[in-house]
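For reference, the chains in residue letters:
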Amino acid sequence: MKRFTTLTAIFVLFLMFFLSNSYSEKKEYQFTSNAQFNTVLNEKLKVDIEELMNLIEQNPEILVQAQNEAEKFIDNKLQGSFEKIVTSNQNPESELSVAINPKDSGNMIMSVIRLSQTSINPMTLPIFYTKNFGENWNVSNFALMPPKPNLLVLGGGDPMIAFDAKGIAHITWISLFVKLTGQKIDSIGTGMHYAFSTDGGETWIYDFYKGISQYSYFANGQPNFGLLEYFDDKQWLATDLNPQSPNFGNTFLTFTRFNQKNNSATVLSATLDSKKPFSSSYIDVSKSVGLAHQFTSNSFGKNGRFIITFYGLREINGNKVPGIFCVYSDDGKKFTDPKLITNFEFVNSRLIQSNNIYDIPGVDNSRVYPCIYNAADNNPNSKFYGNVYVVWSSYGINKPSTTKFNVYLSRSTDNGVTWLPPVEISKEPLNGPIDQFYPSITVNPDGIVIVAWYEQKDDPANAYPTDYVLAFSKDGGLTFSDPIKLTQ
């Protein structure tokens with residue numbers, strides 16, 4: 001979801017409907033007394049663990065079941081539209097990630113979470129690639145799961161792709177797994193995995209033991225993820241593509257580490273290393289601000305400044321107040337203290353506690369989150385070089401919304417040092433307020449800011465039809481165009 005062309009912003013969340021049925025039927029586990037740790041693990045688990053282990057014990061032959069099946073494609077352009085069907089698979093797909101090769105804009109790579117809706121192999125993360133700007137798509141034979149016969153994946157997801165300045169593609173993803181001895185659980189584990197491709201996404205180089213992080217624990221037959229000391233989540237990649245920058249070509253990563261024992265969540269940063277995928281010396285950039293942290297995003301700004309935004313929850317006068325924070329570093333090693341960009345109002349979802357009660361129709365409240373992303377203008381030839389932008393969706397800023405969910409933007413004109421007050425960039429139609437949510441943002445090489453989001457019509461009789469829309473700014477984020485409908 002980087003900033004190479006307008007199409008990146010369009011593709012990033014194009015099909016990202018969070019599917020309530022796939023999650024609501026799954027058992028909720030209380031692994032520990034740490035509610036935050038339980039929440040993030042349950043969000044990643046895609047199966048009922050006890051049910052699965054009983055199934056394996058009764059039918060051990062299912063462990064031989066193939067991990068990945070060949071994909072068939074429908075080569076079909078919808079009439080009168082730029083829309084194109086990429087996959088023919090009918091299983092639910094979500095949390096799309098796309099990157100465009102800066103060395104060859106015809107080369108794009110995409111990955112999604114695909115739910116199988118079965119107890120065994122509950123999900124896959126197929127990789128698709130095109131070398132003619134989306135006219136034709138192919139699927140890689142590489143499956144984003146630990147390719148070891150004695151490991152059984154129970155959940156995970158979060159594929160994230162970025163190209164570097166040399167045209168090398170980097171991808172990371174998360175898995176929760178159990179190691180089996182026969183049909184019995186030997187140990188449980190979690191990993192944030194890493195692979196790279198030098199041929200545009202067709203083949204990938206991967207080492208199970210050289211990921212971003214990996215943790216396992218001897219479980220002695222117990223399917224209890226509460227034995228894990230930590231779990232890493234919501235990673236984000238960025239590469240500096242500015243040839244004039246001291247960080248040109250560097251790829252940085254941020255993610256959130258949930259610690260079970262000390263009830264904390266910390267945003268960490270790491271740098272891609274030529275000898276191993278990422279440096280093991282992770283840097284705590286959230287610095288214990290607030291009660292909880294999550295939803296990290298990052299970009300490279302003016303002169304190679306690495307800018308990170310994330311969600312933080314604080315307690316103020318007895319109330320839990322969600323906010324968006326920013327830190328930055330000029331060398332990837334020493335970071336500023338977290339600076340508050342803005343507070344915001346939210347609803348009582350599983351991920352963020354609030355006294356505001358509201359449901360977006362058709363979206364499981366466990367999948368409602370502020371969707372915080374930032375993008376920086378790092379082109380020295382741009383009129384707005386050094387501007388940084390952050391977008392999110394929320395139920396108001398300083399008080400509960402009267403117009404349902406809206407998309408907001410805050411901008412910095414001094415490379416992330418200070419931030420202007422947020423403004424609403426989604427516009428309500430004349431016939432009344434609607435929900436506008438799950439935004440994404442990019443800045444193209446000309447400095448044009450492009451934001452895309454979902455808009456849901458207030459039409460219960462027709463199951464609340466939802467469009468994907470785009471708006472752009474040519475004046476550095478001061479004003480935005482009216483939303484342009486992209487979907488049919």
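Rules used throughout
Residues numbered from 1 in each chain as written. Predicted model: local features only at pLDDT ≥ 70, side-chain atom pairs only at ≥ 80, totals over all residues. Heavy atoms only, no water. Helix = DSSP H or I, 4+ residues; strand = E, 2+ residues; numbered from the N terminus. Buried < 20%, exposed > 50% of the residue type's maximum accessible area, 1.4 Å probe, protein only. Areas by Shrake-Rupley, 256 points an atom, 1.4 Å probe, with all protein chains shown as cover. Polar contact = N/O pair within 3.5 Å; in protein donor to acceptor, adjacent residues only side chain to side chain. Pairing = 2+ DSSP bridges. Contact = heavy atoms within 4.5 Å. Axes fitted to C-alpha atoms, helices over the stretch in contact; angles between N-to-C directions. Core = buried A, V, L, I, M, F, W, Y, C linked by side-chain atoms within 4.5 Å. Phe/Tyr/Trp six-rings, centres within 6.5 Å; stacked < 30°, edge-to-face > 60°. Lys NZ or Arg CZ within 6 Å of the ring centre and 35° of its normal.

Here's the deal with the overall build of the chain
Next, step 1: Looking only at helices and strands, the chain has four helices and 28 strands in total.
Next, step 2: A burial count over the chain gives 59% of its 488 residues as buried.
Next, step 3: Surface summary for the chain: the accessible area is close to 20,100 Å², and the carbon and sulfur share equals 49%.

Re helix H3 (residues 35–44)
Next, step 1: A large share of H3 lies buried, amounting to eight of its 10 residues.
Next, step 2: Along H3, the residues that are buried comprise Phe37, Asn38, Thr39, Val40, Leu41, Asn42, Glu43 and Lys44.
Next, step 3: For H3, the N-terminal capping position is held by Asn34, with its side-chain oxygen 3.1 Å away from the main-chain nitrogen of Gln36.

Observations regarding the sheet that holds strand S28 (residues 484–485)
Next, step 1: Spatial strand order, S25-S26-S27-S28: four strands in an open sheet with antiparallel pairing. Only two strands of the sheet have a single partner each, and these edge strands are strand S25 (435–443) and S28.
Next, step 2: Across eight bridges, the pairing between strand S26 (residues 449–456) and strand S27 (residues 466–473) is antiparallel. The residue bridging Tyr454 from the neighbouring strand is Tyr468, located in S27.

Concerning the sheet that holds strand S14 (residues 251–259)
Next, step 1: Reading across from one edge, S13-S14-S15-S16 is the order of the four strands in this open sheet, with antiparallel pairing throughout. Here the strands that pair on one side only, and so sit at the sheet edges, are strand S13 (230–239) and strand S16 (283–284).
Next, step 2: For S14 and strand S15 (residues 264–271), the ladder comprises eight bridges, and the chain directions are antiparallel. Note on S15: the bridge partner recorded for Arg257 is Thr266.
Next, step 3: Lying on the sheet, H3 is in contact with S13, S14 and S15; it crosses S13 at an angle near 65°.

Focus on the nonpolar core
Next, step 1: By size, the foremost hydrophobic cluster in this structure holds 92 residues, and its most contacted members are Leu154, Phe225, Ile441 and Val451.
Next, step 2: In terms of residue count, the dominant contributor to this core is S26 (six residues).
Next, step 3: Apart from the residues within four sequence positions on either side, Val451 is in contact with Val391, Val407, Leu409, Ile425, Pro439, Ser440, Ile441, Val469, Leu470, Ala471 and Phe480.
Next, step 4: Judged by nonpolar contacts, the second largest core, of 21 residues, contains Met123, Leu144, Phe163 and Ala195.

Observations regarding the packing of aromatic side chains
Next, step 1: A full pass over the atoms with the stated rule returns 31 aromatic pairs.
Next, step 2: The interplanar angle of 45° and the centroid separation of 5.2 Å between the aromatic rings of Phe295 and Tyr369 together place this pair among those described as tilted. Within this pair, whereas Phe295 is found in strand S17 (residues 292–300), its partner Tyr369 is found in the loop between strand S20 (339–343) and strand S21 (373–376), the two being separated by 74 residues in sequence.
Next, step 3: Exposure remark for Tyr369: the relative accessible area of 9% places this residue in the buried category.
Next, step 4: With 5.8 Å between their ring centres and 20° between their planes, Phe437 and Tyr454 make a pair best called stacked. With Phe437 in strand S25 and Tyr454 in strand S26, the pair connects residues that are 17 residues apart, well separated along the chain.
Next, step 5: Judged by its relative accessible area of 2%, Phe437 is buried.
Next, step 6: Overall, Tyr454 belongs to the buried group, its relative accessible area being 1%.
Next, step 7: One aromatic cluster in this structure is built from Phe295, Tyr311, Phe344, Phe346, Tyr358, Tyr369, Tyr395, Phe405, Phe437, Tyr438, Tyr454 and Tyr468.
Next, step 8: Above the plane of the ring of Tyr230 lies Arg257, whose end atom (NZ or CZ) is 4.0 Å from the centre.

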